[in-house]
Amino acid sequence: MSRLPVLLVTRELPSLAQKRLQGLTNVQVRQHNSIDVIGRQQLLEEVKGADGIICLLSDKIDTEFLQAAGSSLKVVSTVSVGYDHVDTKALKQHGGVKLGYTPNVLTDATADTTVLLALMASRRAKEALDIVSSGNGGGFSLSRGLGTQFTGKTLGIVGFGRIGCATAERLVGFGFGSVLYSGSRPNEERAQPLGAEYVPFDRLLGESDLVCICCPLNDKTKGMFNKSAFEKMKRSAILVNTARGAIVNQDDLLEALNKKQIAHAALDVTVPEPLPADHPLVHHPHCTVLPHIGSATEETRNAMGNLAIDNALAGIFGEPLKAEVRL
Ligand code: NAP
Ligand code: GLV
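In every chain, residue numbers begin from 1 and rise along the written sequence. To label them, take the chains in the order written and letter them from A, then take the ligands in the order written and number them from 1. pLDDT decides what is reported in this predicted model: residues at 70 or higher carry local features, side-chain atom pairs at 80 or more are listed and counted, and totals for whole chains, interfaces and linings draw on all residues regardless. Side-chain measures here rest on the full set of heavy atoms in the structure, leaving out hydrogens and waters.

Asker: Looking at this structure, how should I read the site of ligand 2?
Answerer: Near ligand 2, the surroundings consist of Leu-57, Ser-80, Val-81, Gly-82, Leu-106, Arg-244 and His-292. Definition of a polar contact: a pair of N or O atoms within 3.5 Å, with one able to donate and the other able to accept a hydrogen when the atoms are protein atoms, and with sequence-neighbouring residues admitted only if both atoms are side-chain atoms. Here an oxygen atom of ligand 2 sits 2.7 Å away from a polar atom, N or O, in the side chain of Arg-244. Within the contact set of ligand 2, an oxygen atom lies 2.7 Å away from a side-chain nitrogen or oxygen of His-292. All accessibility values rest on the Shrake-Rupley procedure with a 1.4 Å probe; residue burial counts only the protein chains present in the view. When isolated, ligand 2 has an accessible area of 190 Å², and the protein chains bury 87% of it. In the scheme used here, Gly and all other residues not listed as nonpolar or charged are polar, with Ala, Val, Leu, Ile, Met, Phe, Trp, Tyr, Cys and Pro taken as nonpolar and Asp, Glu, Lys and Arg as charged. Among the residues forming the shell around ligand 2, the class breakdown is three nonpolar, three polar and one charged. Throughout this document, a residue counts as near a molecule or strand when at least one of its heavy atoms sits within 4 Å of that molecule or strand.

Below, the structure is given as structure tokens:
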């Protein structure tokens, strides 16, 4: 009797997707059944002889991993839309292993989180919550903790893709007067309904009141928000990052906040994750940090889990993936 293909799953999946995974009869599921990250050595051990893997953005997929996997591996299915944790060149060289990912299903949830952070920053919610929890509150005040509002302001989106565009669609409802975006090329189809203007990065930095980072992490975007970028931004500007932590140079950000070169930074993503509790950005009154919850809704996480299962099964059985990264 021929053996069932092995599907390695590096984490417990969201409940509905997990249930589906447990019911699969056409593969042998080998799972790190935990909500915690799988250790590197365990990952390298358990991937041996696997036909497919469902992994997370915390699992580095590189040459070492592929060598450990061996020649049976046909598909890497990541439960994320970002794939900066995957060495795509190494994947291509390793006998054409396919890469599945989870675009679209998480766009709304992540755009919602971007708006959440933008509002928290503009209305100084972190300081307000600290006032309440410290018991030093007082009630209504005409002058304490005043924020700013978006009416008539300029929104800048760096990376006008699925999430960037969905974020802009939501935020125009808050009264922004104009929308700018930067990236590798203009996208008229997305921009036209919003009246968004494609501008060079430096112009976006100089004119935007709210800058949202929505681009992928790659060689070009790593550290693009550095000292020089912060110097170009308005002193009243708010920076929101729901993309990847390494797009922002955090030392330069801290300096910019301390020098009041920008007004507030709101980060869903950091380096490292989690950011240590004693990190100065965690305690900075003008920095709001969330623990990478961009797509964290029941609906979205189950949809991501299901799409990742679909991609893995398709890759294992030689069918077209529902969502495949073209390597
Ligand atoms: P997407 O549709 O591919 O959008 C990314 C956009 O960024 C594209 O329009 C791309 O343009 C643009 N871009 C590429 N290089 C750029 C550069 N140097 N400067 C400015 N823009 C650039 O991807 P998405 O679905 O919106 O996801 C975007 C990113 O969000 C993911 O890669 C992931 O890292 C992050 N994310 C985070 C969370 C979270 O939980 N916080 C959740 C989901 C996603 P071209 O197509 O022209 O290259
Ligand atoms: C989350 O960060 C993702 O890339 O899906």
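The discussion continues.
Asker: Would you mind going over the sheet that holds strand β12 (residues 287-289) with me for this structure?
Answerer: The strands that make up a sheet are held in pairs by hydrogen bonds between backbone atoms, and each pair lies either parallel or antiparallel. Paired strands, in this sense, are two strands between which DSSP finds at least two bridges. Comment: elements are numbered from the N terminus, with helices defined as DSSP H or I runs of at least four residues and strands as E runs of at least two. Read from one edge to the other, the open sheet built from seven strands follows the order β8-β7-β6-β9-β10-β11-β12, with strand pairing classed as parallel. In this open sheet, the two edge strands, each paired with only one partner strand, are β8 (197-198) and β12. Note on definitions: a residue-residue contact is assigned when non-hydrogen atoms from the two residues lie within 4.5 Å. To define axes, lines are fitted to C-alpha atoms, for helices over the stretch in contact only, and angles between the resulting N-to-C directions are given on a 0 to 180 degree scale. Across the face of the sheet, helix α5 (residues 107-122) comes into contact with β9 (210-213), β10 (238-241), β11 (264-267) and β12 while running at roughly 150° to β10.

Asker: Just to check I follow, could you spell out the packing of helix α1 (residues 15-22) against helix α13 (residues 298-316) for this structure?
Answerer: Axis angle and axis distance: for two packed helices, these are the angle between their axes and the distance between the axes, and together they describe the pair. Contact geometry for α1 and α13: axes closest at 7 Å, N-to-C directions at 25°. It follows that α1 is roughly parallel to α13 by the angle criterion. Only Glu-298, Asn-302, Gly-305, Asn-306, Ile-309, Asp-310 and Leu-313 of α13 make contact with α1, whose side of the interface consists of Ser-15, Leu-16, Ala-17, Arg-20 and Leu-21. Grouping the constituent residues of the contact of α1 with α13 by class yields five nonpolar, four polar and three charged. By definition in this entry, angles of less than 35 degrees are roughly parallel, angles greater than 145 are roughly antiparallel, angles of 65 to 115 are roughly perpendicular, and the rest are oblique.

Asker: Just checking my understanding: could you explain the nonpolar core for this structure?
Answerer: One recurring pattern in soluble globular proteins is that nonpolar side chains are buried together. We define a nonpolar core as any set of buried Ala, Val, Leu, Ile, Met, Phe, Trp, Tyr and Cys residues linked to one another through side-chain atoms lying within 4.5 Å. Accessible area is worked out with a 1.4 Å probe on protein chains only. A residue is then buried under 20% of its type maximum, exposed over 50%, and partly exposed in between. In terms of nonpolar packing, the biggest core is built from 71 residues, with Leu-7, Ile-54, Phe-65, Val-76, Leu-155, Phe-160 and Leu-210 touching the most fellow members. Broken down by element, the residue count for this core peaks at eight residues, all from α13. Contact partners of Leu-210, with chain neighbours within four places excluded, come to Ala-118, Phe-150, Thr-154, Leu-155, Gly-156, Leu-171, Phe-176, Ile-238 and Val-240. In this structure, Val-158, Leu-180, Leu-217 and Ala-256 belong to the second largest nonpolar core, which totals 29 residues.

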